[in-house]
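Here is what each chain is made of, one letter per residue.
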Amino acid sequence: MNNFSSRPVRRRVMSRLPSRHRRDRLLKVAGLAALLTGLGFVAALFSSIAVKGYTAFAQTHVELDVTLDPELLGATIGYDVQTANFDAIVRRSLSDAFPTASTRA
């Protein structure tokens, strides 16, 4: 005869079944809580990145009147435009447009 079909074994198994179901539900709830916690942290990470990084997509356009002064360009007769000092001209135009600015920031 099979031991599992005997009544005392079946009774012991049946008496442990509610506890087993309770532990099973507890494990499911713990797994769901861990999953939701992880998703919460990922959402917090992405929202933090979005809040701090949205300014990277902003652009600022400044329109300047630039005077091409041959003296600032270093122009001479037979002058090559590729060797011109355009940075000095842009710097002068920026200082004319924003006279109170002292640094880049």
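Rules used in this analysis
Residues numbered from 1 in each chain as written. Predicted model: local features only at pLDDT ≥ 70, side-chain atom pairs only at ≥ 80, totals over all residues. Heavy atoms only, no water. Helix = DSSP H or I, 4+ residues; strand = E, 2+ residues; numbered from the N terminus. Expected span 1.5 Å × (residues − 1). Bend = angle between axes of the 7 residues up to and from the residue. Patch = residues over 30% accessible without salt bridge, like charges linked within 9 Å, V, L, I, M, F, W, Y side chains within 5 Å. Areas by Shrake-Rupley, 256 points an atom, 1.4 Å probe, with all protein chains shown as cover. Salt bridge = Lys/Arg side-chain N within 4 Å of Asp/Glu carboxyl O. Lys, Arg positive; Asp, Glu negative; His and termini not counted. Charge placed at Lys NZ, Arg CZ, Asp CG, Glu CD. Buried < 20%, exposed > 50% of the residue type's maximum accessible area, 1.4 Å probe, protein only. Polar contact = N/O pair within 3.5 Å; in protein donor to acceptor, adjacent residues only side chain to side chain. Contact = heavy atoms within 4.5 Å. Arc of directions from axis to C-beta.

Participant: So, helix H1 (residues 7-53): which residues are in play, and what are the values?
Facilitator: The first and last C-alpha atoms of H1 sit 68 Å apart over 47 residues, in line with the 69 Å expected at 1.5 Å per residue. The sharpest bend along H1 comes to roughly 35°, located at Leu-17, with the proline Pro-18 sitting one to four residues further on.

Participant: Go over a positive patch on the surface with me, naming the residues and quoting the values.
Facilitator: A contiguous patch of positive charge on the surface is contributed by Arg-20, Arg-22, Arg-23 and Arg-25. Mapped onto the elements, Arg-20 comes out in helix H1.

Participant: I'd like a rundown of the side chain of Ser-93, residues and numbers included.
Facilitator: Relative to the elements of secondary structure, Ser-93 occurs in helix H3 (residues 86-97). Judged by relative accessible area, which is 7%, Ser-93 ranks as buried. A polar contact of 3.4 Å, which involves the side chain of Ser-93, links it to the backbone oxygen of Asp-65. Leave out the neighbours within four places in its chain, and Ser-93 touches Leu-64, Asp-65, Val-66 and Thr-67.

Participant: If you had to explain H3 to someone new, which residues and values would you point to?
Facilitator: Every α-helical turn comprises 3.6 residues, leaving residues that sit three or four positions apart pointing alike. The end-to-end C-alpha distance of H3 is 17 Å, a good match for the 16 Å that 12 residues give at a rise of 1.5 Å each. Among all positions in H3, only Ala-88, Ile-89 and Ser-93 are buried. Buried residues of H3, seen end-on, are gathered within an arc of 135° and therefore sit on one face of the element. Pointing more than 90 degrees away from the buried face of H3 are the exposed residues Asp-87 and Arg-91. For H3, the elements touching its buried residues are helix H2 (70-73).

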